[in-house]
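# Structural overview
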Amino acid sequence: ADPGPVPFRAGELALAEMRRKHNATLKLLCRLAAGAVLCSPRGVLPHRDIIGQLPGQVLCTAAGARLLLRRPSLEEYVLLMPRGPTIAYPKDVSAMLMLMDIHPGDTVLETGSGSGAMSLFLSRAVGPKGRVISYEIRDDHHNLAKKNYRHWCTAWEIGHRDEWPDNVDFILKDISTAAADLKSVTLDAVVLDMLNPQSALPVVHPSLKQGGVCAVYLANITQVIDLLDRIRTCKLPFLCERIVEVTHRNWLVLPAKSKNWKSSQVVEETQENIEPPQK
């Protein structure tokens, strides 16, 4: 029998949503602790009032502001978690996962770890029988990625009846010096999110299975041209299949009154306000 939903518990993550002017939404992320309070621009809410409640309920701050409390999605967590380097945004991550056709049980190589956003999405995609190998050259980025990954896993296990798969190996090393480490590994896919992906290609391609996909996340078209030029001049065994820019627009549809007082629909673009986690 289904035991039903799990109420909020101390130690897990909670997301509070508050409506603001012009139909904007403010999102606040907190880790629940018995003696702590959630601070919003319109009053505070003690964590003890949240713990024991079921997600999806509306609670009021001391000043009377209404907050919708729920567990954050993975997308919301990576947008609100502490960051060092700029993350690969969820819209881009989802497109890359689709293009690489990653399955549960796959082995995927990632360089670099950054703040851990891609690592978390890859972890979920390959599942408990899969493996993610994440290389990072910078010590601060390596430690932040591990911390963000661990915080998500810990909160997940408190608020759910199943465990998050422990399937990511974070390695502090320059990928260009890791050829020997990868000799015994067969990779189903490779994700490169680094300043010079050209330096990684000669190292990773011998371990990438025949027909495997290497996805590269780059900031501008100049970097794309440099990468393609390196593949051509070094005669690396890669074929450029697609170069994609992913766009994402949010829309808001509201009832409104026209000049003759007849009801109509107003459609406009909207933007969510995302604020950093509360300390």
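As the structure is a prediction and not an experimental result, all values here were calculated from the model.

What follows concerns helix H4 (residues 139-159). In an α-helix, one turn spans 3.6 residues, which is why side chains three or four residues apart end up on the same side. Over its 21 residues, H4 runs 31 Å from end to end, which matches the ideal 30 Å to within 8%, given 1.5 Å per residue. Each element contacted by the buried residues of H4 is listed here: strand E1 (13-19), strand E2 (25-31), helix H1 (74-80), helix H3 (117-126), strand E8 (131-136) and strand E9 (168-172).

A few words on a negative patch on the surface. On the surface, Glu157, Asp162, Glu163 and Asp166 cluster together into a negatively charged patch. Turning to its location among the elements, Asp166 is positioned in the loop between H4 and E9. Note on Asp166: relative accessible area 72%, which makes it exposed.

Considered domain by domain, the protein is made up of domain 1 (12-72) and domain 2 (76-234). Put simply, the middle of domain 1 and the middle of domain 2, counted by C-alpha atoms, are 32 Å apart. At the interface, ten residues of domain 1 touch nine residues of domain 2. With both sides pooled, the region where domain 1 packs onto domain 2 buries about 870 Å², and carbon together with sulfur makes up 64% of that total. Between Lys27 and Glu76 there is a salt bridge, with the nearest N and O atoms lying 2.8 Å from each other.

With that out of the way, let us pick up the UniProt feature "domain: TR61B FKBP-like" (unreviewed entry) in the protein. In this structure's numbering, the residues bearing the UniProt feature "domain: TR61B FKBP-like" (unreviewed entry) are residues 10-64. In this annotation, residues 10-64 is assigned 0% helix and 47% strand; the end-to-end C-alpha distance for the span is 24 Å.

Thresholds, definitions, all that
Residues numbered from 1 in each chain as written. Predicted model: local features only at pLDDT ≥ 70, side-chain atom pairs only at ≥ 80, totals over all residues. Heavy atoms only, no water. Helix = DSSP H or I, 4+ residues; strand = E, 2+ residues; numbered from the N terminus. Expected span 1.5 Å × (residues − 1). Contact = heavy atoms within 4.5 Å. Patch = residues over 30% accessible without salt bridge, like charges linked within 9 Å, V, L, I, M, F, W, Y side chains within 5 Å. Areas by Shrake-Rupley, 256 points an atom, 1.4 Å probe, with all protein chains shown as cover. Salt bridge = Lys/Arg side-chain N within 4 Å of Asp/Glu carboxyl O. Lys, Arg positive; Asp, Glu negative; His and termini not counted. Charge placed at Lys NZ, Arg CZ, Asp CG, Glu CD. Buried < 20%, exposed > 50% of the residue type's maximum accessible area, 1.4 Å probe, protein only. Domains from an automatic or database assignment. Buried area = accessible area lost by both parts, 1.4 Å probe. UniProt positions renumbered as here; feature names shortened; annotations may be inferred.

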